[in-house]
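# Coordinate inspection notes
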Amino acid sequence: MLSKPRQRFQAWWSLRHPPSDTHLMVQRNIYILPSRPGLFFCATLLVLLLASINEQLSLGYLLTFLLTGAGFVSMHVTHANLRGLSLDLRAPAPVFAGEEAGLQIRLHNPAAARYGIGLRAAEQRAEQRAWTDVPAQGHSQLQLRLAMPRRGLHALPTLRIETRFPFGLFGAWSVWRPACQVWVYPAPEQPCPPLPAGSGAADPQRAVQLAPLPGQDLDEVRGYRRGDSPRQILWKKAAQAGDGDAQLWVRDTRSPRGHELWLELGQTQGLAWEARLSRLCAWVLRADAQALPYGLRLGGQSLGPDAGPAHRQACLELLARAQERA
Amino acid sequence: MKPLPREARDTLFLLAVIAAAVAPHAEHLPLWCSAITALVLLWRGVLAWRSAALPGRWTLLAALLLVLGLTLLTHHRLVGREPGLTMLVMLMALKTMELRARRDAFVVFFLGFFLVLTQFLYSQSLLTALWTLATVWGLLAALILAQMPVGQPHLRLAARHAARNTLWGLPVMVALYLLFPRIGPLWGVPSDATGRTGLSNQMEFGGVAELANDDSIALRLRFEPGVVLPPPWALYFRGPVLTLFDGRTWRARAAGDAFSQFSRRSASPPEVAGPRLRYELTLEPLRLPVVPLLEMSPEAPGSELQAGELSLRRGLDLQWQAPRPITERLRLQASAYLDYRIGPLQADLGLQPYLELPPSRNPRTLGWASELRRQPRFADLDASRLPVALADAVLAHVRSEEFIYTLAPGRYGETSPHLVDEFWFDRRLGFCEHFASAFVVVMRAMGVPARVVTGFQGADAELQDGYLVVRNSQAHAWAEYWVPGRGWLRADPTAAVAPERIRGGQPLRPPPGPLAGALGQVNPALWLQMRRAWETINNRWQQAVLGYSRSDQFDLLKRLGWSAPDWSALGQLSAGLIALIAAAGGLWASWQARPHDAWSRQRQWLMARLARLGIAAQAHQGLRQWAELLMARHGSAAAPLAELLLELERSRYAAAPAPALGLLARWRWQREFTRAAAPLRSRHLTRK
């Protein structure tokens, strides 16, 4: 019975704060309450007033009312410190589970300078707040680090923009639900196990041979050709040559032409579900690092074989989304 | 020198502000307290400078215990004003030693506000107010610094924000100060004046070794226009009348003592003659239950006089009694006659208390008095002339013998209980209260009823801003003795020994301080002028700001149109003001919400108008698109409107700045648009 009002509240709350990638703070979405020191300040004022009445101190009245006025104005100043400020964020780069996603938030200020603007995810503790000042007619940037323990496509957490400037007697805050999402890939297994023996059409023996083993140099060195991955460039050699115009050399991994590398769930038998995904992830990364064309089969979907960043991303996203079948 | 780290700088600033808040208290604090406070603040400063660690909890606890012990040792208690202040200052100093969390900082700030307030118990002068303002400004700036966590904000920035915040709060302050109901003390009685010279409700004979002159203003007098200013020697302000003497201390008669019924029966209003001096009196808070008024007001004993919300009652000794010590500035209208006679005229039992002397005290004085009384020249005088002749003889004695008027007579009664003997025969040093006391004792010893009257005598030679100024240093004690058929007569034995004190109405001044002395030496005229100017400003400040009382509140209401102001009128005014502020706030918020540039406002206006014509104009569309929508909807009838839109677009995006976008042009354009839209509008409505 309790859940119904709660649901209704949740629905109202979400309606009030529609997800958006920009956030303009106006009267509607700024909340303000006296802080704990603010309450103590009120108590102090009361005592000052009582003392002034009892000792009949005119200057005491003046002091009390001066502080009252300043406190009252500080409420408006605290509110105005947020009002009119607009925020936007850059979609965060994908991360692996267990890493922290870096959230880049920009604050735009069309009016006078703002001080002591704090930002944190709603579930973070108050001490993890990131602080910034925003200059007049300018903008500033904030980096927020969010722990991402679980893989998947996650909505960004609700953000809380807070300020207590100038006196700390009032806390004003606004709630922002960013619309963009962040990809969290499975954590790659460490250290990376050797790539699996070839599967599918390829001859397993050959695939194993093709996989470079530690200490075994299967690479050749040739001149740079357009389209070569920067990863393949021998930067050390380029640095030794010194001259910018000098020929770049790349490491030519012996491409497994005709022999396809397939990464499949079946090659990771005996592991727990997440560990299997972790291993697949590690393999994808390894194969990508070596610029091997590879394919991924998972849950009835198959990608590739292919190489390159787009393919890598597609594979990792597939892994991030993977559902365990019952 | 490399700049201090943020933390150290902020701490040093806060310490400086705290020192400024504590400094004015130094003169009321025990020496050890000032010393420890200075040491602790200094130590904390050094720690901040070196970014060293703060002392541990146990050290602080030990220090706290030590302070508690010292406080108990000095004041013999922990509650009350002096020990409370001592503890407050010490807590504040020790708290700076544990500025760890932000919470600690807030504690320091709030203690600081208290400390500032306690300063007003001792002084509310303009100088105090200015100093306070500076201190509070500093505290607020430090508070702001604590809320600026990024980088190293400049102190000036924080100070500017604090000042701006306070300035914006001024209207609230003024409104509250004007409208907050002024009520009397809620409980208890405001604490008594401490260690100040001036008037007091009792008088200890020879208890003060040296009278520290207090030059602050006690009361101000403004006579009605046309009144001839009385000479200073005629200005006696009647304060507490002291009758009971135990050999050391003079006290006033209790209102209900054994003889009071006789006194009450024979009480009569003073018989007055001569011109009536009407005046307005402003009394500083003397913290006395007696109001010193100019002698002699014509009201009878037992009658009442309204002074603000207080009603004063005239006592049997013709003093004006208030129901409680007066702790606020009091303003009242009264009148006085310099020529008067006060009764009773016939002897009765009510005079008995004025004849009593402490038993077995001052035998030599009593002996001297009876010897004088036995002199043959007094033998055949009748009852109405004898007391006057005796008083003259005593005053002549004071004048002819080597009595010396001094503010530093030393302490009496250290070796013997016969204080008056010691004064009358051995040392002969004293000021007004010694002379008045001795005179009364001698008169009583000769069988003449007599009493000590305290109050003020004289005034500043020059008017200050139209006011006659009487200072605390002009506090005075004189005597009254009773003569059959003539009533009570005033005798001022001080005038016999130091006529200049009475004639000029000027107090004898103790030597001035080093700075004032130096300036007074170099240029006495300039010094005097500066002093007068400062006092004039201070007077204005006290009259206008500090003196604001309940009656002023009601006067304000009267001026605002309430015919019979009372508390509910005050409430109505406050409620109205709050409503006004709320409405203004709402207006401001909607003003803020509307677009700030003229072009956006123009577009908003247009969109509303187009909606009335059944056109769903979107914000992202241009004027040209709106014109097309108009044509599509209303056909050729909309052509003039579409043309107007296009014209507006042309002038908006013309290469040369268009003159058509000014305020006036905009209005003209809008009028034209409305006119052109009228036929379409009626068509649209009928079609609906």
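These numbers come from a predicted model, not from an experiment.

## A closer look at the environment of leucine 82 of chain A
Residue position: leucine 82 of chain A is located in helix H3 (residues 58-82). Every residue in contact with leucine 82 of chain A, bar those within four places of it in the chain, is listed here: Met25, Ile30, Arg114, Ile117, Ile161, Thr163, Ala172, Trp173 and Ser174 of chain A.

## What about the sheet that holds strand S2 (residues 217-223) of chain B?
Residues and elements named next belong to chain B. Within the open sheet, the four strands sit side by side as S13-S7-S2-S18. Their pairing is antiparallel. Unpaired on one side and paired on the other, strand S13 (330-336) and strand S18 (468-471) mark the two borders of the sheet. Pairs of neighbouring strands in the sheet enclose a mean axial angle of 25°, with direction left out of account. In the sheet, S2 pairs with S18 via four bridges, with the strands oriented antiparallel. Of the residues in S18, the one forming a bridge with arginine 220 is valine 469.

## Points about the nonpolar core
Counting 78 residues, the largest nonpolar core has Leu67 of chain A together with Phe109, Phe113, Leu115, Val136 and Leu140 of chain B as its most contacted members. Apart from residues no more than four positions distant in its own chain, valine 136 of chain B is found in contact with Leu63, Leu66 and Leu67 of chain A together with Phe113 and Val116 of chain B. The next biggest cluster of nonpolar side chains, apart from the first, holds 48 residues, and it includes Trp368, Val398, Val440 and Ala479 of chain B.

## Digging into the packing of helix H19 (residues 598-612) of chain B against helix H20 (residues 623-634) of chain B
Residues and elements named next belong to chain B. Across the interface, H19 lies against H20 with an axial gap of 12 Å and an inter-helix angle of 10°. Here H19 lies roughly parallel to H20, going by the angle between them. Where H19 abuts H20, its residues Trp599, Arg603, Leu606, Met607 and Leu610 lie against Leu623, Trp626 and Leu630. Among the residues forming the contact of H19 with H20, the class breakdown is seven nonpolar, no polar and one charged.

## Description of unusual backbone geometry
Looking along the chain, the bond that leaves phenylalanine 165 of chain A and enters proline 166 of chain A is cis, with omega of 5°. Looking at the secondary structure, you find proline 166 of chain A in the loop between strand S10 (159-163) and strand S11 (170-176). In this model, glutamate 295 of chain B is joined to methionine 296 of chain B through a cis peptide bond whose omega is 10°. Within the element layout of this structure, methionine 296 of chain B appears in the loop between strand S9 (293-294) and strand S10 (304-307). A positive phi is found at serine 360 of chain B, a non-glycine position, where the angle reads about 50°. Position of serine 360 of chain B among the secondary structure elements: in the loop between strand S14 (339-341) and helix H9 (363-373). A positive phi angle, near 55°, is found at asparagine 362 of chain B, a position not held by glycine. Relative to the helices and strands, asparagine 362 of chain B is located in the loop between S14 and H9.

## Some words on the layout of surface pockets
Estimated volume of the second largest pocket: approximately 1,900 Å³. Every residue lining the second largest pocket is counted, 50 residues in all, and those nearest its centre are Val73, His76, Val77 and Arg83 of chain A together with Trp588 of chain B. For the lining of the second largest pocket, the secondary structure elements donating two or more residues are H3 and strand S6 (114-121) of chain A together with helix H7 (155-179) and helix H18 (567-593) of chain B. Here the lining of the second largest pocket takes 11 residues from H18 of chain B, the largest share from any one element. Of the residues in the lining of the second largest pocket, the class split is 33 nonpolar, 12 polar and five charged.

## With respect to the UniProt feature "transmembrane region" (unreviewed entry) in chain A
Residue and element names in this part refer to chain A. Residues annotated by UniProt as "transmembrane region" (unreviewed entry) correspond here to residues 37-53 and 59-77. Taken as a whole, residues 37-53 contains 100% helix and 0% strand, while its terminal C-alpha atoms sit 24 Å from one another. Secondary structure content for residues 59-77 is 100% helix and 0% strand, while the C-alpha to C-alpha distance between its ends is 26 Å.

## Focus on the packing of aromatic side chains
Residue and element names in this part refer to chain B. By the definition in use, this model includes 32 aromatic pairs over all chains. Plain terms: the ring middles of tyrosine 236 and tryptophan 478 are 4.7 Å apart, the flat faces sit at 75° to each other, and that makes the pair edge-to-face. Note that tyrosine 236 is positioned in strand S3 (residues 236-242) and tryptophan 478 in strand S19 (residues 475-483), a separation of 242 residues in sequence. Accessibility expressed as a relative area gives 4% for tyrosine 236, which makes it buried. For tryptophan 478, a relative accessible area of 0% puts it in the buried group. Just above the ring of phenylalanine 403 sits the side chain of arginine 428; from NZ or CZ to the centre is 5.0 Å.

## Considering the packing of H19 of chain B against helix H21 (residues 639-653) of chain B
Each pair of packed helices can be described by the angle between their axes along with the distance between the axes. Residue and element names in this part refer to chain B. Between H19 and H21, the shortest axis-to-axis distance is 13 Å and the interhelical angle comes to 170°. In terms of axis orientation, H19 runs roughly antiparallel to H21. Only Leu645, Leu648, Arg652 and Tyr653 of H21 make contact with H19, whose side of the interface consists of Trp599, Gln602 and Leu606.

What counts, and at which threshold
- Residues numbered from 1 in each chain as written.
- Chains lettered and ligands numbered in written order.
- Predicted model: local features only at pLDDT ≥ 70, side-chain atom pairs only at ≥ 80, totals over all residues.
- Heavy atoms only, no water.
- Helix = DSSP H or I, 4+ residues; strand = E, 2+ residues; numbered from the N terminus.
- Contact = heavy atoms within 4.5 Å.
- Pairing = 2+ DSSP bridges.
- Axes fitted to C-alpha atoms, helices over the stretch in contact; angles between N-to-C directions.
- Core = buried A, V, L, I, M, F, W, Y, C linked by side-chain atoms within 4.5 Å.
- Buried < 20%, exposed > 50% of the residue type's maximum accessible area, 1.4 Å probe, protein only.
- Parallel < 35°, antiparallel > 145°, perpendicular 65-115°, else oblique.
- Nonpolar A, V, L, I, M, F, W, Y, C, P; charged D, E, K, R; others polar.
- 1 Å grid on protein atoms, 1.4 Å probe; cavity = no way out; pocket = protein on both sides within 12 Å on 5 of 7 lines; lining within 4 Å.
- Points joined across faces, edges and corners; volume = space filled by probe spheres on them.
- UniProt positions renumbered as here; feature names shortened; annotations may be inferred.
- Phe/Tyr/Trp six-rings, centres within 6.5 Å; stacked < 30°, edge-to-face > 60°.
- Lys NZ or Arg CZ within 6 Å of the ring centre and 35° of its normal.

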